[in-house]
Amino acid sequence: MTVRRRARAAAGATLALALLTTGCGGSDGGDDGDQITLTLGLYGTFGYEEAGLYEEYMDLHPEIRIEQSVVAQSGPYYQALQTRLAAGSGMADIQGIEIGFVSDVAANHADAFVDFAAEDNAEELESSYYDWKWDQASTDDGRVIGLGTDAGPQAMCYRQDLFAQAGLPTDPAAVSALWPTWDDYLATGQQYLASPTRQEGSAFVDSPNSVFAPAVRQGDTTYADEDGNPVVEDSDGVQSAWGLASQAAGDGLTARLAQFSDEWNAAFANGAFATIACPSWMLSYITSQLGDEGAGLWNIATLPGQSESGSTWGGSWLGVPSSGEHVEEATALAEWLTAPEQQVRMFTEQGFFPSSSVAAESPEVADAVSEYFSDAPIGQVFGEAAAAVRRTPISPYDTQIQDAFSAALTTVADGSRDPDQAYADALAAIEQITG
Amino acid sequence: MTLADDSPRTVTAPAVPVPPDPTPPPVPRRRGPSLSRNRWGYAYVAPFFVVFGAFSLFPFLFTAWVSLHDARLSDIGGGTFVGLDNYAALLTNDFFWNALRNTITIGVLSTVPQLCLALGLAHLLHYKLRGRTFFRTLMLVPYATSIAAATLVFATLFGRDYGIINTALEAVGLDRIDWESGTLSSQVAIAVIVTWRWTGYNALIYLAAMQSIPGELYEAAEMDGASKWRQFLHVTIPSLRPTILFTVVVSTIGAVQLFGEPLLFGGNGATTGGARNQYQTLGLLMYQQGWTNFNIGQAATTAWAMFLIILAVVGSAALVGRYRARREGARR
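Predicted model only: the values in this text are computed from it and were never measured.

When helices and strands are counted, chain B shows 14 helices and two strands. Residues counted as buried form 34% of the 332 residues belonging to chain B. In chain B, the proportion of contacts linking residues at least 24 apart, taken out of those at least 6 apart, comes to 70%.

As structure tokens, this is what we get:
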């Protein structure tokens, strides 16, 4: 999820520029003094401006003007949002909410936001979403504090050329058949490592986090129990994911990189690893790292263990602070921006995978193919992944807990800790977070 | 008291410049009429105190108040009052002691070479060199570079797989070093960044102080047959003592607050200071507690602990200074 934050940060600067140049695009609709200005407070890149959605909405509703302010990274954005929630003022008409803090907002600040479950069209809204997406923004007493924008269903990306060189199959169906389970995935890794023709210096997977992050969300529980309280040691997701990821790290299957570090970025271009866990948004990250030269290198297979459960990473919501001046208009805009038709457009124009099952099942999405990723049927791959995701509870600490495990796995990979020590380190760090 | 008055044997005695008299005669204070007469003076200084109050004094006191509460960032004014529990917890917190240890080792690794190099550089620049203004200006360039830019460049240089330093090590037949993941290696790397940035700044301060040392001292020393090296040891350094004390204090305060370099050195924005917290400093720990874990009460406590540490450093420096001054006064 931190990852999500950073992937989005990459486009933040571009967005700021776009804002400067097109910020007031629709203000010429009429200046009779009755115009309402709606503000959106967002982070990273939601892509609405670029996709032309604001302009379209303002054309449909001449009385509305839309302005957005964007913070590049979701971390600082959330810090600012928290102080505004504490002060009870200063919020925009619509606020972006990320997976990393949606459960904190739901648990502690639900009163500050419009309850979409109490809207007249609540049933219609709910039925358009994947159940887990709707669920993640729900409170214990059934309030819903945000409408889902995008989602990050996960698949496994692999380098076709490196697979071929190591004597592994390259066809997506055959590759998916290599790893029905994570154990099979690790066995394939051993096979890759043992291959005499393997490209020198290349590892099977970029980092232990490519195993841990997807696998931890395939259990019955991740980091929280049903009440949203953090559980770590008793979580089946954590236990199995730790076992798998620490094995991958200890066996030298990883390139010993920390995800989103500079070395990791450089490693893309250098072909230092053959597989990487791919939430849908990772495709644009890979594309931006490799540029045109990377076209046709990568392909996409099914995530190991998906027959048991799919896995997601990242995703956002739009919430409407109930203290705003134009709550009604803001609610209407939030519903429009997140409606299935608009989610389809966000996918086809900006590459954000829908969190609306209706949108994901529409032909424009379901039949989509990525030329860059060797004509992979991305609509189908990620649609199946999203449909296989089970509802699991989330906690306000998910991001930090995952980062703690990710750091601990790095120490296993670089050999400075054995798995048991590293696990103890992670628990100690997590105690600081949740304690 | 100049050296010219002394016998040649005592050239080595620490002498000039004379430290301020430790007990100046009490100046009678004027009160009453001056208060109203200086009304405009107060008006002129008021903006400073208003800004100081809003942005320094209030946060300072508010931090103390928050540190007595179990507070989260989203409820910073609330939280339950826990007295000194946060401080007690801090003293038994492994992460705090680890960060303190790292802060001290990185501090020593950066401050000592930094000041030694600065002293040497200042000495060289004190000679009449062709284009010395150019060199003096050049020394300030690292200081004028942003911490972020410098750290990002150094992090790339120290990269494990593609860093130029490892490439160079390999070229001369040495092993590659995983700078970031080792404890000592990562701390050395960070110390290099700090040293690079601050050496020139300190050198200029030393240079300024050197220029105020009377030339007669050197002439006298030269007449006594002291080599350039001995002149440096026995004239320059003793004369610079107050300046050295000043730079030690300032560098130590900087070392206690070290934050930007370890934050950016990891390259992925993590506030842990390495996967094993191997280069997490106190400043970074505070940031992690407050702005990653949102435990603002804990962060406020760490902030106050840092303040007390700095107070202790400055206090002991003042004691050293006073002791020295008194000793010299007695000798005189």
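Here the narrative resumes.
What follows covers the overall build of chain A. On a plain count of helices and strands, chain A comes out with 21 helices and eight strands. Relative to the 2.2 N^0.38 estimate, which gives 22 Å for 435 residues, the radius of gyration of chain A is 22 Å and therefore close to what a compact globule would have. C-alpha atoms of chain A, sized along the principal axes, occupy 75 × 45 × 35 Å. Residue burial in chain A is summarised as follows: out of 435 residues, 55% are buried. Of all intrachain contacts in chain A linking residues separated by at least 6 positions in sequence, the fraction that spans at least 24 positions is 77%.

Looking now at the UniProt feature "transmembrane region" (unreviewed entry) in chain B. Residue and element names in this part refer to chain B. Here the UniProt-annotated "transmembrane region" (unreviewed entry) positions come out as residues 40–62, 104–125, 137–158, 188–209, 240–259 and 303–323. As annotated, residues 137–158 has a helix share of 82% and a strand share of 0%, and its two end C-alpha atoms lie 27 Å apart. With 100% helix and 0% strand, the stretch residues 188–209 has end C-alpha atoms that lie 30 Å from each other.

A separate point is the interface of chain B and chain A. Contacts between the two partners involve 26 residues from chain B, matched on the other side by 27 residues from chain A. For the side of chain B that touches chain A, the secondary-structure elements that each account for two or more residues are α4 (94–126), α7 (147–157) and α13 (282–292) of chain B.

Residues and elements named next belong to chain A. Tracing the backbone shows Val102 in helix α5 (residues 99–108). As for Val102 and Pro396, which are separated by 294 residues in sequence, their C-alpha atoms are 7.3 Å apart. Excluding its chain neighbours within four sequence positions, the residues that come into contact with Val102 are Ile97, Gln136, Ala137, Gly146 and Trp317.

A word on the nonpolar core. If you look at the biggest cluster of nonpolar residues, it comprises 135 residues, and the most contacted ones within it are A:Ala155, A:Ala245 and A:Ala408. Among the elements that line this core, the one with the most residues is helix α20 (residues 398–413) of chain A, at eight residues. Taken domain by domain, this core gets at least three of its residues from each of domain 1 (2–151 + 314–366) and domain 2 (153–312 + 375–434) of chain A. Every residue in contact with A:Ala245, bar those within four places of it in the chain, is listed here: A:Pro208, A:Val211, A:Phe212, A:Ala215 and A:Leu409. B:Phe95, B:Leu258, B:Leu264 and B:Ala300 belong to the second-largest nonpolar core, a separate cluster that totals 39 residues.

Let us look at the domain arrangement of chain A. Residue and element names in this part refer to chain A. As far as domains go, chain A holds domain 1 (2–151 + 314–366) and domain 2 (153–312 + 375–434). Just the C-alpha atoms count here: the centres of domain 1 and domain 2 sit 29 Å apart. Contacts between the two partners involve 25 residues from domain 1, matched on the other side by 26 residues from domain 2. The set of elements that each furnish at least two residues to the side of domain 1 that touches domain 2 consists of α1 (2–9), α5, α7 (131–136), β8 (312–319), α17 (357–361) and α18 (363–366). For the side of domain 1 that touches domain 2, the residue count by class is twelve nonpolar, seven polar and six charged.

The next thing to look at is the pairing of strand β4 (residues 147–159) of chain A. All names here are of chain A. Counted residue by residue, β4 has 13 buried out of 13 residues, so it is predominantly covered. As judged from the four bridges shared by β4 and β8, these two strands associate in the antiparallel manner. Residue pairing in the sheet places Ala151 in a bridge with Gly315 of β8. With five bridges connecting them, β4 and strand β6 (residues 273–279) associate as antiparallel partners. Each residue of the ladder has a partner; that of Met156, found in β6, is Ala277.

When the pLDDT values of chain B are averaged, the result is 87; 88% of them are 70 or greater. Scored as a complex, the prediction yields pTM 0.85 and ipTM 0.82.

What follows covers unusual backbone geometry. Residues apart from glycine generally show negative phi values, whereas peptide bonds are mostly found in trans. All names here are of chain A. At Ser374, a position not held by glycine, the phi torsion is positive, near 55°. Tracing the backbone shows Ser374 in the loop between α18 and α19 (378–387). With phi around 60°, Asp375 is a residue other than glycine that occupies positive phi space.

As recorded in UniProt, the feature "domain: ABC transmembrane type-1" (unreviewed entry) lies at residues 100–319 of chain B. A distance of 23 Å separates the end C-alpha atoms of residues 100–319 of chain B, which is 75% helix and 0% strand.

Looking now at the domain arrangement of chain B. Many structure descriptions define interface size as the accessible area lost when the parts assemble. Examined at the domain level, chain B breaks down into domain 1 (28–61) and domain 2 (94–331). Spacing between the C-alpha centres of domain 1 of chain B and domain 2 of chain B amounts to 35 Å.

Rules of the game
- Residues numbered from 1 in each chain as written.
- Chains lettered and ligands numbered in written order.
- Predicted model: local features only at pLDDT ≥ 70, side-chain atom pairs only at ≥ 80, totals over all residues.
- Helix = DSSP H or I, 4+ residues; strand = E, 2+ residues; numbered from the N terminus.
- Buried ≥ 20, exposed ≤ 12 C-beta atoms within 10 Å, placed from the backbone.
- Contact = placed C-beta atoms within 7 Å.
- Rg over C-alpha atoms; globule rule 2.2 N^0.38 Å.
- UniProt positions renumbered as here; feature names shortened; annotations may be inferred.
- Core = buried A, V, L, I, M, F, W, Y, C linked by C-beta atoms within 7 Å.
- Domains from an automatic or database assignment.
- Nonpolar A, V, L, I, M, F, W, Y, C, P; charged D, E, K, R; others polar.
- Pairing = 2+ DSSP bridges.
- pLDDT = per-residue confidence, 0-100.

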